[in-house]
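Chain by chain, the residues run as shown.
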Amino acid sequence: MADEENLVLAVPSKGRLEEETRRVFGESRLNILRPGGARSYVGSIKNQQGISVRFYPAAEIAHSLHTGAVDLGVTGSDLIHETAERGEERVLMVKPLNFGQADVVVAVPDAWIDVTHMVDLADVASDFRLRHGRWLRVATKYVHLTRRFFAEWGIAEYRIVESAGATEAAPAAGAADLIVDITSSGETLAANALRVLEDGLIMKSEANLIVSRTAAWTPLKKAQLEALISVMGGVQPGISTQL
């Protein structure tokens, strides 16, 4: 469980996500400090003694929010949905931060000219094994999201090839037949001769300030949370911070 007294905030540990998180918090005069440098995983917010900062990879932030190891954090909504089955029920997405926008999509090779929609993919999957002697292979880092979305379309005859590297390269390398991946501009997909199906959008994602429902919330920490969100401009209408 998170610290019993301090509000524990997890932020991305490197790259553009860390930079953008620092910028957003800095615009509210909540300057994130990392005194130990890039190798340190512990920090603070200037003049906010009741808040402890932890620097984690984005996927680890999502996992820590699910388990209550941190009280709140900044990560992508795609990772919240992917990291745990029904993981979105364990958190409150209290504030979109207007960076890190991207789409999780189903993309197929350009050469599949007759496959433009998910229903076409369902037809391909149903007879792929008969024609090729194996199941359709889908390369992805998004196992839960893929299974859920394919089930909604009645697609069951496929197998997932979990991707640890450049997912877009999998079809060209012969490791998979199509992919489920995240894209912002679509340029990398196009460069690898892939295109998104017309109805192949699984979800839109962006960085959010996210609160853990499973953390140990005391009255003091709830008050600290409300104060922090207020300093950052509050939440959008219709979004609740009730735990």
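Whatever comes next refers back to the structure up there.
Remember, it's a predicted structure, so these values are computed and weren't measured experimentally.

Let's shift gears to the overall build of the protein chain. When you go through the protein chain residue by residue, the secondary structure sums to eight helices and 12 strands. Classification of the 243 residues of the protein chain by burial places 48% in the buried group. The contacts of the protein chain with a sequence gap of at least 6 include a subset with a gap of at least 24, amounting to 70%. Across the protein chain, the 25 positively charged side chains and the 31 negatively charged ones have centroids separated by 6 Å.

All right, on to the packing of aromatic side chains then. As enumerated under the stated definition, the model contains one aromatic pair in all. If you follow Arg34 out to its NZ or CZ, it ends over the ring of Phe55, 4.1 Å from the centre.

Another aspect to go through is the side chain of His81. In this fold, His81 is placed in helix α3 (residues 77–83). Owing to a relative accessible area of 18%, His81 belongs among the buried residues under this scheme. Excluding residues that lie within four positions of it along the chain, His81 makes contacts with Glu88, Met93, His144, Leu145, Arg148 and Met203.

Within the largest apolar cluster, 26 residues are counted, with the highest numbers of intra-cluster contacts made by Leu9, Phe25, Ile45, Leu72, Leu209 and Met232. Elements with a minimum of two residues in this core: β1 (7–12), α1 (15–27), β4 (48–56), β5 (72–76), β6 (91–96), β12 (207–212) and α8 (219–231). When residues no more than four places from it in sequence are discounted, the contact partners of Ile45 are Leu9, Phe25, Leu30, Asn31, Ile32, Ile51 and Val53. Counting 25 residues, the second-largest nonpolar core is a separate cluster that includes Val108, Ile160, Leu178 and Val180.

Before going further, it helps to examine the side chain of Asp177. With respect to the helices and strands, the residue Asp177 is situated in the loop between α6 (170–173) and β10 (178–183). Here Arg137 takes part through its backbone nitrogen, which lies 2.8 Å from a polar atom of the side chain of Asp177. Among residues more than four places away in sequence, those in contact with Asp177 are Pro109, Trp112, Phe128, Arg134, Trp135, Leu136, Arg137 and Pro171.

Another aspect to go through is the sheet that holds strand β2 (residues 32–33). As a general point, the strands of a sheet are linked pairwise by backbone hydrogen bonds and lie either parallel or antiparallel. Overall, mixed pairing links the seven strands, which are arranged β2-β3-β4-β1-β5-β12-β6 in an open sheet. Looking at strand neighbours, the two that pair on one side only are β2 and β6, the edges of this open sheet. Examined bridge by bridge, β1 and β4 share six bridges and lie parallel to one another. Within β4, the position partnered with Ala10 by the bridge is Arg54. Relative to the sheet, α1 contacts β1, β2, β3 (42–45), β4, β5 and β12, its axis offset from that of β1 by approximately 130°.

Taken as a whole, this structure holds 10 salt bridges when the rule is applied. Its salt-bridge partner being Arg134, residue Asp177 comes within 2.9 Å of it at the nearest N-O pair. Of this pair, Asp177 sits in the loop between α6 and β10 while Arg134 is found in the loop between α4 (118–132) and β8 (136–140), placing the two residues 43 residues apart along the sequence. According to the relative accessible area criterion, Arg134 is partly exposed, its value standing at 30%. Salt bridges sharing common partners tie together Glu18, Arg22 and Arg34.

Right, let's talk about the layout of surface pockets for a bit. There is about 310 Å³ of room inside the largest pocket. Lining the largest pocket are 18 residues; nearest its centre among them are Leu17, Ala58, Gly76, Asp78 and Leu79. Of all the secondary structure elements, the ones that give two or more residues to the lining of the largest pocket are α1, α2 (58–67), β5 and α3. Top contributing element to the lining of the largest pocket by residue count: β5, with three residues. Class assignment for the residues of the lining of the largest pocket results in 10 nonpolar, five polar and three charged.

What counts, and at which threshold
Residues numbered from 1 in each chain as written. Predicted model: local features only at pLDDT ≥ 70, side-chain atom pairs only at ≥ 80, totals over all residues. Heavy atoms only, no water. Helix = DSSP H or I, 4+ residues; strand = E, 2+ residues; numbered from the N terminus. Buried < 20%, exposed > 50% of the residue type's maximum accessible area, 1.4 Å probe, protein only. Contact = heavy atoms within 4.5 Å. Lys, Arg positive; Asp, Glu negative; His and termini not counted. Charge placed at Lys NZ, Arg CZ, Asp CG, Glu CD. Phe/Tyr/Trp six-rings, centres within 6.5 Å; stacked < 30°, edge-to-face > 60°. Lys NZ or Arg CZ within 6 Å of the ring centre and 35° of its normal. Core = buried A, V, L, I, M, F, W, Y, C linked by side-chain atoms within 4.5 Å. Polar contact = N/O pair within 3.5 Å; in protein donor to acceptor, adjacent residues only side chain to side chain. Pairing = 2+ DSSP bridges. Axes fitted to C-alpha atoms, helices over the stretch in contact; angles between N-to-C directions. Salt bridge = Lys/Arg side-chain N within 4 Å of Asp/Glu carboxyl O. 1 Å grid on protein atoms, 1.4 Å probe; cavity = no way out; pocket = protein on both sides within 12 Å on 5 of 7 lines; lining within 4 Å. Points joined across faces, edges and corners; volume = space filled by probe spheres on them. Nonpolar A, V, L, I, M, F, W, Y, C, P; charged D, E, K, R; others polar.

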